[in-house]
Amino acid sequence: MSPEEPITPNSIIGARERELDAWHIAQHPELVTELMVARQWARLIPFADFIAADAPEELAATDQALYRTLRKAVTEIRIRGLALRPDKLRELAAKAAKAAPGGSQGNPQAS
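How each quantity is defined
Sequence order as written defines the numbering, with residues in each chain counted from 1. It should be noted that, the model being predicted, local features are given only for residues of pLDDT at least 70 and side-chain atom pairs only at 80 or more, the latter also being counted only at that level, while totals for whole chains, interfaces and linings use all residues. Processing note: side-chain calculations cover all non-hydrogen atoms of the structure and skip hydrogens and water entirely. For cavity detection a 1 Å grid was placed over the protein atoms alone, and a set of points counts as a cavity when a 1.4 Å probe fits there but cannot get out; an open set counts as a pocket when protein lies on both sides within 12 Å along at least five of seven lines, with lining residues being those that have an atom within 4 Å of a point. Grid points are joined across faces, edges and corners, and a volume is the space filled by probe spheres set on the points. Here a strand is any run of E in DSSP of at least two residues, a helix any run of H or I of at least four, and the numbering for each starts at the N terminus. Each residue receives one of three labels: charged for Asp, Glu, Lys and Arg, nonpolar for Ala, Val, Leu, Ile, Met, Phe, Trp, Tyr, Cys and Pro, and polar for the others, Gly being one of them. Nonpolar core, defined: a set of buried Ala, Val, Leu, Ile, Met, Phe, Trp, Tyr and Cys residues in which side-chain atoms within 4.5 Å join the residues together. Accessibility here uses a 1.4 Å probe with only protein chains present; expressed as a share of the type maximum, an area under 20% marks a residue as buried, one over 50% as exposed, and anything in between as partly exposed. Only heavy atoms enter the contact rule, under which two residues are in contact if any of them lie within 4.5 Å.

### Observations concerning the layout of surface pockets
Considered as a void within the structure, the second largest pocket measures approximately 200 Å³ in volume. Taken together, Arg16, Glu19, Leu20, Trp23, Phe50, Ala53, Asp54, Pro56, Leu59, Leu66 and Leu70 form the lining of the second largest pocket. Those elements giving two or more residues to the lining of the second largest pocket turn out to be helix 1 (15-27), helix 3 (41-53) and helix 5 (64-79). Top contributing element to the lining of the second largest pocket by residue count: helix 1, with four residues. Counted by class, the lining of the second largest pocket contains eight nonpolar, no polar and three charged residues.

Structure (structure tokens):
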């Protein structure tokens, strides 16, 4: 999924897809800036939630390799200053939805 592909209310995207997309963005931090420029708030919100939640500590006991990978990604995002505030992104998405013709869900294309 590229930053050019808007997620609309009609998109079929479930929780698992949002989780996978957030993980993909965490592995490719350069996408954060692209998504911000494209105002893809709907894609950035799950990413911000993912980073804010950090790696689940239970994984340290059940899947150490995955835990290390998640911790490394979260730490890298924070070091780069790309940890975004989910609440602020939700505000931006709500404002964009009100301003967009037809009330699209926070995915207006900059004109």
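Further notes follow.
### Notes on the nonpolar core
Core analysis: the biggest nonpolar cluster contains 25 residues, and Leu44 and Phe47 have the highest contact counts within it. Those elements giving two or more residues to this core turn out to be helix 1, helix 2 (30-37), helix 3, helix 5 and helix 6 (86-99). What leucine 44 contacts, discounting residues up to four positions off in sequence, is Val32, Leu35, Met36, Leu84 and Leu89.

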